[in-house]
Amino acid sequence: MEQEHKRRVRYKGTHPRKFEEKYKELNPEKYKNDVEKIRQSGKTPAGTHIPIMVDEILEVLRIQPGQIGYDATLGYGGHSSKMLSQLQGQGHLYATDVDPIESEKTKKRLADMGFDEKILTIRRMNFANIDQVAPGQKFDFVLADLGVSSMQIDNPERGFTFKQDGPLDLRLDPTSGVSAAERLRELDQEELEAMLVENSDEPYADRIAKAVMQVYRRGGSVETTKQLAAIIEGALSFLPAGEKKETVKKSCQRVFQALRIDVNSEFEVLYSFLEKLPAVMKSGGRIAVLTFHSGEDRLVKQAFKQYLREGIYSEISEDVIRPSAEECFRNPRAKSTKLRWAIRA
């Protein structure tokens with residue numbers, strides 16, 4: 001029996017708004033020209049990720065054929081593919097990611113590019129466990145890109161964005177731990193305020209924490225991204241009309257960041273990674289770390305300086321390296337990036 005042909009569901013109008021309707025962006029291999037036009041306009045196509053500061057990272061790591069390396073945060077595989085190209089088919093790259101949804105897609109994407117298991121090993125594990133990635137093996141180079149991938153941000157089902165409605169989740173691995181919605185239910189006002197200050201330097205932490213807790217005291221709940229964004233907007237209703245919109249947007253970004261850091265234990269993970277890192281590096285091994293907010297950068301800076309004083313690192317970056325103005329235009333998500341590097345003694 002001949003199978004009935006089904007037309008693809010069309011979106012309304014000329015520009016799709018919903019993530020799942022952006023069929024061209026979600027299939028970049030098939031619609032390369034359309035996707036490239038989106039990138040040229042300074043936007044990131046839905047469901048994809050543009051690797052940040054690639055040239056600067058490759059300059060820092062100085063990868064040679066035959067070396068053994070580690071990409072701590074695989075993501076979309078943009079950095080991994082560039083590092084694998086530098087190996088020229090010799091050596092090996094290990095990579096880890098906790099996201100079960102995206103890591104499988106990336107594994108296939110890289111395999112289709114010719115990077116199979118002979119040169120690439122992908123493990124689904126947290127980079128806090130760097131000492132367990134390849135027991136007994138020491139690395140010539142290591143990269144840790146601490147940013148959240150655009151695929152996660154863009155997909156409203158993951159709860160990373162307040163621009164579209166979705167469940168307030170924010171977990172990098174949605175199969176373990178508690179969601180941001182569940183975490184909010186566990187906190188009292190004082191604890192939430194402290195979290196917002198510590199994780200994102202939120203200047204209106206007291207007002208926002210109070211507004212959130214009022215919802216619970218009235219028998220309500222905060223289950224979606226839009227619900228939380230509306231509470232934040234309400235808490236800042238006292239602001240002058242001229243500055244309210246931009247201030248609310250920035251506070252939303254900081255609150256979501258603070259919750260994401262909390263539910264994924266990001267500071268604890270980074271601290272563990274930095275502590276274990278020297279032990280898995282070869283002498284002369286090179287390290288590059290990309291951070292995206294002051295809390296992360298502070299931890300990396302302190303660890304690098306401490307190990308330099310102790311003679312564990314022979315050299316570290318004196319200042320952060322920032323992306324070029326041109327890159328920030330092409331990829332606005334690069335604007336807050338800071339790159340630091342270190343060399344194992």
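Quick caveat, the model's predicted, so the values are computed rather than measured.

## Some remarks on helix H8 (residues 205-217)
Residues lying three or four places apart along an α-helix face the same way, a consequence of the helix completing one turn every 3.6 residues. With 13 residues, H8 ought to run about 18 Å at 1.5 Å a step, and its terminal C-alpha atoms sit 18 Å apart, in line with that. Within the span of H8, buried status applies to Ala205, Ile208, Ala209, Ala211, Val212, Met213 and Tyr216. Next to the buried residues of H8 lie helix H6 (180-186), helix H7 (189-200), helix H9 (225-235) and helix H10 (241-263). Downstream of H8 by one or two residues, Gly219 has phi in the positive range, about 90°.

## Observations concerning unusual backbone geometry
A positive phi angle is found at Met53, which is not glycine, with a value near 55°. One non-glycine residue, Gln88, adopts positive backbone phi at about 55°.

## Examining a positive patch on the surface
A cluster of like positive charges, contributed by Lys163, Lys245, Lys249, Lys250 and Lys335, occupies part of the molecular surface. If you trace the backbone, Lys245 turns up in helix H10. Overall, the relative accessible area of 75% leaves Lys245 in the exposed class.

## Remarks on the packing of H7 against H8
Closest axis-to-axis distance for the H7/H8 pair is 9 Å, and the angle between their directions is 140°. Handedness of the H7/H8 crossing: right-handed. Residue-level contacts link Gln189, Leu192, Glu193, Leu196 and Val197 of H7 to Ala205, Asp206, Ile208, Ala209, Lys210, Val212, Met213 and Arg217 of H8. Its residues placed into classes, the contact of H7 with H8 shows eight nonpolar, one polar and four charged.

## What about the side chain of Arg340?
For Arg340, the location among the structural elements is in strand S7 (residues 338-344). Of the polar contacts made by the side chain of Arg340, one reaches the side chain of Asp297; its length is 2.6 Å. Ignoring sequence-local partners within four residues, the contact set of Arg340 consists of Ile287, Ala288, Val289, Asp297, Val300, Lys301, Phe304, Ser317, Glu318, Asp319 and Val320.

## Some words on the packing of aromatic side chains
On inspection of all chains with the given rule, the structure shows seven aromatic pairs. Pairing Phe304 with Tyr313 gives two aromatic rings, centres 5.6 Å apart and planes at 90°, and the pair type is edge-to-face. Members of the aromatic cluster, each reached through a chain of ring pairs, are Tyr70, Tyr94 and Phe139. Above the face of the Tyr76 ring, Arg109 is positioned so that its terminal group lies 3.7 Å from the ring centre. Over the aromatic face of Phe238 sits the side chain of Arg207, whose NZ or CZ is 3.8 Å from the ring centroid.

## Thoughts on the side chain of Ser251
Mapped onto the elements of the fold, Ser251 is located in helix H10. Discounting residues that sit within four places of it in the chain, Ser251 has contacts with Glu202, Tyr204, Ile208, Ile232 and Leu236.

## Looking at the sheet that holds strand S2 (residues 92-96)
Read from one edge of the open sheet, seven strands run S3-S2-S1-S4-S5-S7-S6, paired in mixed fashion. Where the open sheet ends on each side, the last strands, each with one partner, are strand S3 (120-123) and strand S6 (313-316). With direction set aside, neighbouring strand axes in the sheet form an average angle of 15°. By the bridge criterion, six bridges tie strand S5 (residues 281-291) to S7 in an arrangement that is antiparallel. Bridge pairing in S7 links Val289 to Arg340. Along the sheet, helix H3 (residues 78-87) contacts strand S1 (68-71), S2, S3, strand S4 (139-145) and S5; its crossing angle with S2, the most-contacted strand, is approximately 170°.

How each quantity is defined
Residues numbered from 1 in each chain as written. Predicted model: local features only at pLDDT ≥ 70, side-chain atom pairs only at ≥ 80, totals over all residues. Heavy atoms only, no water. Helix = DSSP H or I, 4+ residues; strand = E, 2+ residues; numbered from the N terminus. Expected span 1.5 Å × (residues − 1). Buried < 20%, exposed > 50% of the residue type's maximum accessible area, 1.4 Å probe, protein only. Contact = heavy atoms within 4.5 Å. Patch = residues over 30% accessible without salt bridge, like charges linked within 9 Å, V, L, I, M, F, W, Y side chains within 5 Å. Areas by Shrake-Rupley, 256 points an atom, 1.4 Å probe, with all protein chains shown as cover. Salt bridge = Lys/Arg side-chain N within 4 Å of Asp/Glu carboxyl O. Lys, Arg positive; Asp, Glu negative; His and termini not counted. Charge placed at Lys NZ, Arg CZ, Asp CG, Glu CD. Axes fitted to C-alpha atoms, helices over the stretch in contact; angles between N-to-C directions. Left-handed = near helix turned anticlockwise from the far one by under 90°. Nonpolar A, V, L, I, M, F, W, Y, C, P; charged D, E, K, R; others polar. Polar contact = N/O pair within 3.5 Å; in protein donor to acceptor, adjacent residues only side chain to side chain. Phe/Tyr/Trp six-rings, centres within 6.5 Å; stacked < 30°, edge-to-face > 60°. Lys NZ or Arg CZ within 6 Å of the ring centre and 35° of its normal. Pairing = 2+ DSSP bridges.

None of the figures reported here should be taken as evidence of function without further support.
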